Amino acid sequence: MINENLTSWLGHPVEDYLPGQQINPQVYYRFRVDWDTEVSVIEMMAAFTADPSAADITGLVVGAWFGDDSGASSEEIVQLLVGARERLPKLEAIFFGDVISEENEISWIQQSDMSPLFAAYPGLKHFVVRGGNDLGLGSNLHLGSLKSLTVQTGGMERATLDQALSLDLPALERLELWLGTDGYGWTGEVSQLKPLFDDTLFPNLRHLGLRNSEVADAIAEALCAAPIVDRIDSLDLSLGTLTDKGGTALANCPRLKRLKDLDLHHHFMSESVMKGLAAEFPGVNLADRQDLDKYGPYVAIGE
Amino acid sequence: MIDAMAPIQCLWIPGSPRALLFTQAVQKPADTTLVGHSWAEVLETGDCEVKDRNAWFRIDSPGRDWEVERALLKRGALLAADERYASAPEERVATWVEDPGRIWPSRQHFLGFRDALSTLRASLDEKEVKWMQDPQEISIMCDKHAARERMAAAGVRIPHGLGLIDGFDHLVSLMEETRLNRVFLKLCHGSSASGAVAIALGSGRIRAYSTSTMERSAEGDTFLRNSRSPIEWNGLSEIRRLVDAVCRHRAIGEAWVPKAGWEDRRFDVRIVVIGGRARQVVARLSKTPFTNLQLGATRRSAEELRERIGFQAFVSMCEEAERAMTCFPGSLHGGVDLVLSTGNQGPRVIEVNAFGDLLPSVRHEGLETYGWELKVIAERDAQVSATGR
């Protein structure tokens with residue numbers, strides 16, 4: 001996740017692309033550089049897309065693209081991918097930002113507007129983006145094939161959350177949003193999630209993750225009365241600041257009992273509330289309990 | 001025909017875990033005996049009496065004992081003349097009391113230690129002792145700047161270095177000049193990541209992670225104290241104070257090589273090289289930029305590491321560790337720390353530790369580190385007697 005680069009994704013091996021190498025269509029190649037790499041990610045990706053065998057690849061991973069400038073924007077990479085759309089006709093999975101904390105501070109990753117990608121690749125099925133600064137997802141765009149969308153941030157801006165929820169995604173099965181903390185850019189409110197919770201947005205949603213959030217308790221409470229939980233099979237409120245307040249609300253919510261999976265790992269709940277949850281939800285993930293210390297509860301990924 | 005083996009002489013902190021474990025190891029091969037010398041006594045009397053000629057002599061860490069630490073600080077008082085670095089006269093050192101975690105003037109401590117080592121070397125060379133580690137090499141390994149230079153000259157793969165750092169402004173200007181925006185600042189004479197700071201610069205922002213906090217002494221100076229968990233800093237003025245405080249100890253900067261991850265942690269590898277060969281290998285996995293076990297990192301075994309990174313990468317790590325120890329030919333053993341970068345461009349040596357062989361219950365081919373050391377010295381003695389000397 002945040003401390004380890006992908007070694008596989010969606011069942012495909014992930015490997016660093018080296019310009020000039022032979023392309024294996026089964027592999028999802030990652031494009032990245034170090035501070036002292038001589039070629040840029042743009043040059044690597046240009047070499048890749050110029051190779052006719054790239055036409056068979058179905059997924060790719062954008063890694064650390066910024067070299068010696070941790071604040072360099074991803075905009076040029078978006079443009080390059082948009083320009084290469086005819087050379088990547090089978091592309092259906094993009095992981096945009098496999099950047100770990102050893103490579104850049106997560107809250108420093110400089111993203112850009114992703115909506116041109118969505119327009120260029122209407123057949124996209126899986127999209128992950130990491131880093132919330134200047135991240136754009138477009139407004140009301142239709143992506144008929146998208147099955148999974150993940151937006152990982154140390155702090156999500158209000159507008160980004162609105163944009164994510166404005167997308168028209170009839171096929172969406174998995175939605176995962178890392179909301180983060182106000183110290184690193186979270187400016188949203190739980191009330192923005194209302195249309196999602198009212199189940200008016202994504203008719204095929206099966207899995208909902210609202211992770212790494214400092215408003216995890218409020219989310220848990222709101223979910224207890226939310227129609228969306230009658231649709232989904234799996235709920236993930238992990239990595240956040242869930243305390244006894246939210247945990248008790250979840251434990252006392254009968255409609256949640258139909259969930260097949262409930263992931264609450266990295267939390268601040270007491271032993272007794274954990275026991276109550278474990279009794280209500282056999283198999284609930286309560287790992288990685290944190291102690292409430294003088295700093296108060298904190299999210300897992302906020303740097 | 002074979003003379004009775006001279007006892008192994010050992011300079012240590014009596015009763016310390018290192019001393020106890022080494023004693024246990026020596027008791028396993030039946031015919032070896034051990035004579036212990038206490039660091040405190042040797043520093044007090046200025047002498048270390050060795051009766052046997054041609055004995056093996058082992059120097060262990062003088063760490064984790066307040067009286068010894070203070071004696072070394074006193075000994076370093078007159079030698080610490082360089083005003084760039086924190087120091088205190090002997091009379092003031094004499095008033096200091098034990099204060100766990102506090103980082104005392106580490107340059108002064110090192111100068112006292114180096115002086116004690118060179119005195120010891122001069123007096124025991126007359127007895128023709130066989131050093132398990134040449135005292136001079138120990139003092140180089142305990143000076144990260146000198147150790148880096150030695151390794152660089154020998155072509156060992158180490159991270160790009162920024163040299164000695166005067167203070168915050170100097171560090172930032174070097175980072176800007178080299179466009180190296182992620183850097184580790186390390187005390188030249190610190191152990192176990194004590195005083196280390198990881199710093200990231202970017203687009204007018206700065207962030208730092210440290211293993212120590214700043215406090216103010218009764219005399220009004222800022223000093224550092226080791227923390228149990230790493231601390232994140234975001235304020236420019238605090239980071240400036242922190243870096244300046246670290247640099248008062250004499251510090252080097254080097255590239256923060258992005259460490260590869262494992263189990264959603266980053267990891268580095270400690271390889272204990274004994275008799276020129278990599279023996280014990282331990283991976284250390286951490287959620288923070290620091291991989292030291294006392295800061296919450298967890299261990300994985302050599303077998304797990306080999307499985308994780310593949311045989312070739314494992315072998316090249318071992319070879320790089322062995323190459324690093326060729327810079328210290330008079331040292332039978334040393335602990336080498338290496339990292340693999342995220343881009344997997346081969347291993348890099350981030351540290352050599354003179355006293356890096358304390359890895360209780362980690363076995364390599366059936367023996368712990370101390371067992372290997374004893375085996376290798378026995379082999380060397382056997383070779384010498386076989387060739388008739």
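These notes cover the structure that comes with them. (Residues numbered from 1 in each chain as written. Chains lettered and ligands numbered in written order. Predicted model: local features only at pLDDT ≥ 70, side-chain atom pairs only at ≥ 80, totals over all residues. Heavy atoms only, no water.)

Attention now moves to the sheet that holds strand β3 (residues 56-59) of chain B. All names here are of chain B. Taken together, the four strands give an open sheet; going across it, the order is β2-β1-β3-β5, and neighbouring strands pair in parallel fashion. The open sheet terminates on both sides in strands that have one partner only, identified here as β2 (34-38) and β5 (130-131). With two bridges connecting them, β3 and β5 associate as parallel partners. Along β5, the bridge assignment pairs Trp56 with Lys130. In the packing of helix α1 (residues 17-27) onto the sheet, the strands contacted are β1 (8-12), β2 and β3, and the crossing angle to β1 comes to about 170 degrees. (Pairing = 2+ DSSP bridges. Helix = DSSP H or I, 4+ residues; strand = E, 2+ residues; numbered from the N terminus. Contact = heavy atoms within 4.5 Å. Axes fitted to C-alpha atoms, helices over the stretch in contact; angles between N-to-C directions.)

Time to look at the packing of aromatic side chains. Scanning all chains against the criterion turns up 21 aromatic pairs over all chains. Each ring, one from Trp262 of chain B and one from Phe267 of chain B, has its centre 5.4 Å from the other, and the planes form 75 degrees; the classification is edge-to-face. Here Trp262 of chain B matches Phe267 of chain B in class, with each residue buried. Following the ring pairs from residue to residue traces out a cluster consisting of Tyr17, Tyr29, Phe31 and Phe48 of chain A. Taking the ring centre of Phe22 of chain B as reference, the NZ or CZ of Arg58 of chain B above it sits at 4.2 Å. (Phe/Tyr/Trp six-rings, centres within 6.5 Å; stacked < 30°, edge-to-face > 60°. Buried < 20%, exposed > 50% of the residue type's maximum accessible area, 1.4 Å probe, protein only. Lys NZ or Arg CZ within 6 Å of the ring centre and 35° of its normal.)

Another point: the interface of chain B and chain A. Taken together, the contact between chain B and chain A spans 34 residues of the former and 29 residues of the latter. When the two sides are added together, the surface that chain B and chain A hide from each other amounts to roughly 2400 Å², 36% of it contributed by carbon and sulfur. When the area that chain B buries against chain A is broken down by residue, the three leading residues are Arg205, Arg207 and Asp264 of chain B, summing to 24%. At the boundary of chain B and chain A, one finds seven salt bridges. For the salt bridge of Glu102 of chain A with Lys259 of chain B, the shortest nitrogen-to-oxygen distance reads 3.6 Å. Taken together, the connections running from chain B to chain A amount to 21 residue pairs in polar contact (both at pLDDT 80 or more). Looking at the side of chain B that touches chain A, the elements that each hand over two or more residues are β8 (197-202), β9 (205-216), β12 (261-262) and β13 (265-274) of chain B. (Buried area = accessible area lost by both parts, 1.4 Å probe. Salt bridge = Lys/Arg side-chain N within 4 Å of Asp/Glu carboxyl O. Polar contact = N/O pair within 3.5 Å; in protein donor to acceptor, adjacent residues only side chain to side chain.)

All right, on to the packing of helix α6 (residues 216-223) of chain A against helix α7 (residues 244-251) of chain A then. A packed helix pair is summarised by two numbers, namely the angle formed by the two axes and the spacing between the axes. Residues and elements named next belong to chain A. As a packed pair, α6 and α7 sit with axes 8 Å apart at the nearest point and diverge in direction by 15 degrees. Between α6 and α7, the crossing angle belongs to the class labelled roughly parallel. Here the hand of the crossing between α6 and α7 comes out left-handed. Taking contact as the criterion, the partners of Asp217, Ala220 and Glu221 in α6 are, on α7, Lys245, Gly246, Ala249 and Leu250. (Parallel < 35°, antiparallel > 145°, perpendicular 65-115°, else oblique. Left-handed = near helix turned anticlockwise from the far one by under 90°.)

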